[in-house]
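The chain contents come next:
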Amino acid sequence: MGTSVSSLRVDVGLLELAAAEAFRYLEGLPERPVSIRATDAELRKLLGGPLPQRPSDGKLVLGDLVAGVDAGLVPSGNGRYFGYVVGGTLPVAMAADWLTAAWDQNCIVHDGSPATAVVEEICGEWLVDLCQLRPGTSVAFTPACTHADLLGLTVARHSVLARAGWDVAERGLAGAPPVTVLINESIHAAVVRPLQLLGLGGSIRTLPVDSEGRIREDALDEAIAAAAGGPLIVCGHIGEINTGGADRLRVLADKTHAAGGWLHLDAAFGMWAAASPRLRHTLADGIELADSIGTDAHKALNVPYDCGIAFIADKQAHQAAFPLSADYLHLDPSQRHPVQWGIEVSRRARVFPLWAALRTLGKDGVGELIDRLCGHARRFADLLAQEPGIKIVNDVAYNQVLAVFEHPHEHPDTHTRQVAAVLQQQGEAWAAVSRWQDRVVLRISVANWATTEEDVQRAAAALTAAHRELLP
Ligand SMILES: Cc1ncc(COP(=O)(O)O)c(C=O)c1O
């Protein structure tokens, strides 16, 4: 019994127990109700109480963990979970993630984990090629897209101020030339928060968008003219959080660059349109012109949480924005040192699951995966649109479907909320409401490799039934 720290050892039985529980969970996922079944009080009762005084046996603790969390787990790996934008996990990426935990690498510098440093280089090269970004683009692996946006915008701030003769890393913001930051008004909070952290919250000007969430060109022209040639950062997106739409990247890039500015793109799940031959020339046209991009592998690419990626087109600008001096770190300039490319110091080797996903799918497989998600989204929209009173309000060009449910007496906002509540209680599928252009919409996000045609049919049927049930 592991009841003291001195008796701890690597217990194969403990790891086998964990694997067996993982199999049990994964095998049960397709049949598991797609709903949340526990209250916080119930979870607290199972998992809380005072912290024990003495060490406990690992297997017993693992058993308690499994029993305690089970009803509070969101079955997001089920193919009928369409909430937020939550990707599934490719089996090979999950397996690589287990190994990553066992290997427990801290990849600050090359000599902390040469394998991680080299695999980061390889994945960076693969991704630049896959998404046809500018050759020489530098890549950093972050916990999530918000951090990737923070990283890209940190380089943006440094770079536009450096062009105005101001070293912000050295001198700070006090007394710096004012920076104009233009953002798409429907851009994700993951861009606004980094700007606020960077001291640029007061410089933000939001630009109005069209029905698909694309910056209006007239508004962009006017705002760029008002910036009068000063330091300028423009933020657009691929994969608007509701519609899945994308800005006109070429127009944004041309106008931003003509004014000497920096173009940053938030592309948490939209990035992967660039890897689909079908979508590359629509949603992602001009992506290679962006100066920085933040994305996630843990959404549409189906790598497990957490795995964000930042791309910076100008490697020198990237390095200049992240000065580092720490005598204890061995920073041989001929090697990659992850700490020189990102914000974190110590961190896990989150690149291994990504490597496994990319190597398994190959270029064609990534494109097929993304096309499959988009095909399911279109089918979902078609099925819903057949029902009187259900309206699809976005152009389903990517993986997102926005539906409004109409009622003869109720306001559509109220009825749409009620349909969502019924769906969530019944547990056949899960999606939630959002607000898009002043109305409540049911937001369906198809982001899981495991979703099948049958899942789409079952979810659409459940929604149609919930809608009918609530009609007079
Ligand atoms: C469009 C968009 N941008 C950014 C983010 C933030 O990503 P993360 O949660 O990985 O930081 C999300 C998350 O849902 C998103 O959908």
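Everything numeric in this text was worked out from a predicted model, so none of it was measured. (Residues numbered from 1 in each chain as written. Predicted model: local features only at pLDDT ≥ 70, side-chain atom pairs only at ≥ 80, totals over all residues. Heavy atoms only, no water.)

*Asks:* Sorry if this is basic, but what is going on with the sheet that holds strand β8 (residues 390-392) here?
*Replies:* Strand pairing in a sheet takes place through backbone hydrogen bonds and is either antiparallel or parallel in direction. Spatially, the four strands line up as an open sheet ordered β8-β9-β11-β10, and their pairing is antiparallel. Of all the strands in the sheet, the pair left with one neighbour each is β8 and β10 (432-436). The mean angle between the axes of side-by-side strands here comes to 45°, regardless of whether they run parallel or antiparallel. Across five bridges, β10 lies against strand β11 (residues 439-445) in antiparallel orientation. Looking across to β11, one finds that Ala 432 is bridged to Arg 443. (Pairing = 2+ DSSP bridges. Helix = DSSP H or I, 4+ residues; strand = E, 2+ residues; numbered from the N terminus. Axes fitted to C-alpha atoms, helices over the stretch in contact; angles between N-to-C directions.)

*Asks:* Help me understand empty space enclosed by the protein in this model?
*Replies:* Under the counting rule described, the total for this entry stands at two cavities of 30 Å³ or more. Considered as a void within the structure, the largest cavity measures approximately 50 Å³ in volume. For the largest cavity, the full set of lining residues is Leu 133, Arg 134, Thr 137, Ile 287, Glu 288, Ala 290, Asp 291, Ser 292, Ile 293, Phe 311, Ile 312 and Ala 313. Elements that contribute at least two residues to the lining of the largest cavity include exactly β6 (292-296) and β7 (308-312). (1 Å grid on protein atoms, 1.4 Å probe; cavity = no way out; pocket = protein on both sides within 12 Å on 5 of 7 lines; lining within 4 Å. Points joined across faces, edges and corners; volume = space filled by probe spheres on them.)

*Asks:* Is there a simple way to think about unusual backbone geometry in this case?
*Replies:* Phi is mostly negative for residues that are not glycine, and the peptide bonds are mostly trans. A cis amide bond links Tyr 305 to the next residue, Asp 306, at an omega of -10°. Along the polypeptide, Asp 306 turns up in the loop between β6 and β7. Of note, Gln 132 is a non-glycine position whose phi angle comes to about 50°, a positive value. Along the chain, Gln 132 turns up in the loop between α5 (114-130) and β1 (138-142). One non-glycine residue, Gln 437, lies in positive phi territory at about 45°. Inspection of the secondary structure puts Gln 437 in the loop between β10 and β11. Gln 437 gets classed as partly exposed once you look at its relative accessible area, which sits at 41%. (Buried < 20%, exposed > 50% of the residue type's maximum accessible area, 1.4 Å probe, protein only.)

*Asks:* Can you help me understand the site of the ligand in this one?
*Replies:* The full set close to the ligand counts 13 residues, and Thr 146, Ile 241, Asp 266, Asp 296 and His 298 are the nearest of them. At 3.2 Å, a backbone N or O of Cys 145 approaches an oxygen atom of the ligand. Lys 299 places a side-chain nitrogen or oxygen 3.1 Å from an oxygen atom of the ligand. Here the ligand, which alone exposes 390 Å², has 84% of that area covered by the protein. (Near = heavy atom within 4 Å. Polar contact = N/O pair within 3.5 Å; in protein donor to acceptor, adjacent residues only side chain to side chain. Areas by Shrake-Rupley, 256 points an atom, 1.4 Å probe, with all protein chains shown as cover.)

*Asks:* Please clarify how the pattern of salt bridges should be interpreted in this entry.
*Replies:* Think of it this way: side chains of opposite charge can pair up when their charged atoms draw near. Using the criterion set out here, one finds 27 salt bridges in the structure. In this structure, Arg 24 and Glu 21 form a salt bridge, with 2.8 Å as the shortest nitrogen-oxygen distance. Separated by three residues within a single helix, Arg 24 and Glu 21 lie in helix α1 (residues 12-28), roughly one turn from each other. Here Glu 453 makes a salt bridge to Arg 379, at a shortest N to O gap of 2.8 Å. Residue Glu 453 is located in helix α14 (residues 453-469), and its partner Arg 379 is located in helix α12 (residues 351-385); the two are separated by 74 residues in the primary sequence. The network of salt bridges with common partners includes Glu 120, Asp 306, Arg 336, Glu 344, Arg 347 and Arg 350. (Salt bridge = Lys/Arg side-chain N within 4 Å of Asp/Glu carboxyl O.)

*Asks:* Is there a simple way to think about the nonpolar core in this case?
*Replies:* Generally speaking, a soluble globular protein has its nonpolar side chains buried in company with each other. Ranked by size, the top nonpolar core spans 88 residues in total, and within it Trp 272, Ile 287, Leu 354, Phe 380 and Ile 444 carry the most contacts. Counting residues per element, this core draws most heavily on α12, which supplies 14 residues. Those residues in contact with Trp 272, other than ones at most four positions away along the chain, are Leu 127, Leu 130, Cys 131, Thr 295, Asp 296, Ala 297, Ala 300, Leu 301, Ile 309, Ile 370 and Tyr 398. (Core = buried A, V, L, I, M, F, W, Y, C linked by side-chain atoms within 4.5 Å. Contact = heavy atoms within 4.5 Å.)

*Asks:* Sorry if this is basic, but what is going on with the sheet that holds strand β2 (residues 180-184) here?
*Replies:* Strand order across the open sheet formed by seven strands is β1-β7-β6-β5-β4-β2-β3, with mixed pairing between neighbours. Two strands lie at the open edges of the sheet, namely β1 and β3 (204-207), each paired on one side alone. If you compare each strand with its neighbour and ignore which way they point, the axes differ by 20° on average. Here β2 runs beside strand β4 (residues 232-237); their pairing, made up of four bridges, is parallel.

*Asks:* So what exactly am I meant to see when it comes to a nonpolar patch on the surface here?
*Replies:* Side chains of Leu 46, Leu 47 and Leu 65 sit close together on the surface and give an oily, nonpolar patch of about 280 Å² of accessible area. If you trace the backbone, Leu 65 turns up in helix α3 (residues 58-69). (Patch = residues over 30% accessible without salt bridge, like charges linked within 9 Å, V, L, I, M, F, W, Y side chains within 5 Å.)

*Asks:* Is there a simple way to explain the environment of Asp 64 in this structure?
*Replies:* Following the sequence through the fold, Asp 64 ends up in helix α3. Overall, the relative accessible area of 51% leaves Asp 64 in the exposed class. In the structure, Asp 64 is positioned 18 residues away from Leu 46 in sequence and 7.9 Å away in space, judged by C-alpha atoms.

So yeah, pure geometry; function would need other evidence.
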